[in-house]
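Understanding the architecture of this molecule
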Amino acid sequence: MGRSTLAAELAVAEGTLKHGLPYLAMGSGDPLVFLRWFSADHANPTGWMRDAELKALAPLARNFRVYAVGRAPGMAAGTTMADIATQHAEALRTEFGGAVDVLGISSGGSVALQLAADHPEAVRKLVIASSGYRLERAASDSQVKFGEAAARGERALHHMASVGFANPVVARLAAAGMWLLDPLARPKNPADTLAFVLAEDAFDLDGRLADVTAPTLVIGGERDGFYPVENFRRTADGIPHSHLIIYPGAGHMGAIKHPRFAPDVTGFLTR
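Before going into details, it helps to say that this report is about the structure given with it. The shown structure was predicted, so the numbers you read here are calculated from the model rather than taken from an experiment. (Residues numbered from 1 in each chain as written. Predicted model: local features only at pLDDT ≥ 70, side-chain atom pairs only at ≥ 80, totals over all residues. Heavy atoms only, no water.)

Another aspect to go through is the overall build of the protein. Counting secondary structure elements, the protein contains ten helices and eight strands. In terms of C-alpha radius of gyration, the protein reaches 17 Å, essentially the compact-globule figure of 18 Å for 271 residues. Each of the three principal axes of the protein carries a C-alpha extent, and together these read 45 × 40 × 40 Å. Taking all 271 residues of the protein together, the buried fraction comes to 50%. Partitioning the contacts of the protein with sequence separation of at least 6, the portion at a separation of at least 24 is 75%. Approximately 11,900 Å² of the protein is accessible, and the part contributed by carbon and sulfur atoms is 55%. The average position of the 26 basic charges and that of the 28 acidic charges among the side chains of the protein differ by 5 Å. (Helix = DSSP H or I, 4+ residues; strand = E, 2+ residues; numbered from the N terminus. Rg over C-alpha atoms; globule rule 2.2 N^0.38 Å. Buried < 20%, exposed > 50% of the residue type's maximum accessible area, 1.4 Å probe, protein only. Contact = heavy atoms within 4.5 Å. Areas by Shrake-Rupley, 256 points an atom, 1.4 Å probe, with all protein chains shown as cover. Lys, Arg positive; Asp, Glu negative; His and termini not counted. Charge placed at Lys NZ, Arg CZ, Asp CG, Glu CD.)

Turning next to the nonpolar core. Ranked by internal contacts, the top residues of the largest apolar core, which has 47 residues, are L35, V69, V102, L115, V123 and L126. Look past the residues within four positions of V102 in its chain and what remains in contact with it is L32, V33, L35, L92, A112, L115, V123, K125, L126 and V127. Membership of the second largest hydrophobic core comes to 31 residues, among which are L24, F34, W37 and A255. (Core = buried A, V, L, I, M, F, W, Y, C linked by side-chain atoms within 4.5 Å.)

What follows covers unusual backbone geometry. At A11, a residue that is not glycine, the phi angle is positive and equals roughly 50 degrees. Locating A11 in the fold gives a position in the loop between α1 (3-10) and β1 (13-16). Residue S130 is not a glycine yet carries a positive backbone phi of 50 degrees. Since its relative accessible area comes to 0%, S130 is described here as buried.

According to the stated counting rule, one finds 13 salt bridges in the structure shown. Residue R234 pairs with D206 through a salt bridge whose shortest N-O separation is 2.8 Å. Residue R234 is located in helix α8 (residues 229-238), and its partner D206 is located in the loop between α7 (190-202) and β7 (216-221); the two are separated by 28 residues in the primary sequence. Here D206 falls in the partly exposed class, since its relative accessible area comes to 35%. The network of salt bridges with common partners includes D118, R208 and D211. (Salt bridge = Lys/Arg side-chain N within 4 Å of Asp/Glu carboxyl O.)

Take a look at the structure:
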């Protein structure tokens, strides 16, 4: 199926929630709010990034009205993950009037966990995928270096290659490719990028996972370069009503592309 055909089939709608949170909506059924993975720009994706998002969400859009929600633009310096979660809680309450199902992937999982812990009335059921109670130090350091370099107007994308590749030779090759591609992928507002990566750098829900009262499904890949399996296990163990699924051999985004991902999420949310 062609990309434009997929967008037409999903009848994608675009808009903003309270606080300017950008969203794409697609599919039909009960609402499912997807909190986006790491995105340098606090705006709806375009080009190949939009195509990739639609392709990833299409299986879920067969059963739900999926709202892919990004962070608010104009994020102030010093913003915390709790501040971001409060924005989301207020936006979801205004849009839906009550608790909704929430899916957080990667950095979106950080936001989703903070949201569920601080504003339990906003979340009916929670799915955390390729994410956990905190971002591991190596991954966080690479994001901060990326944000700081982008804020200085320097090439930054290659910093994101320092994690996620088990083979150091592959990592160096990936960094070289990212260095060349950087001018095509620079943040439109580097201040937003830096504010968010610093908020996620300080994010750590260890000791507060029991505050997540929503039934929760944690999904991770066995070979995730950003989150070790122990992080997924600790996250699931700390949440009172939780279930853990680890996909053997899957990496960070490989877990999201796993053939069981959409069926597992759908089964959990509709049980």
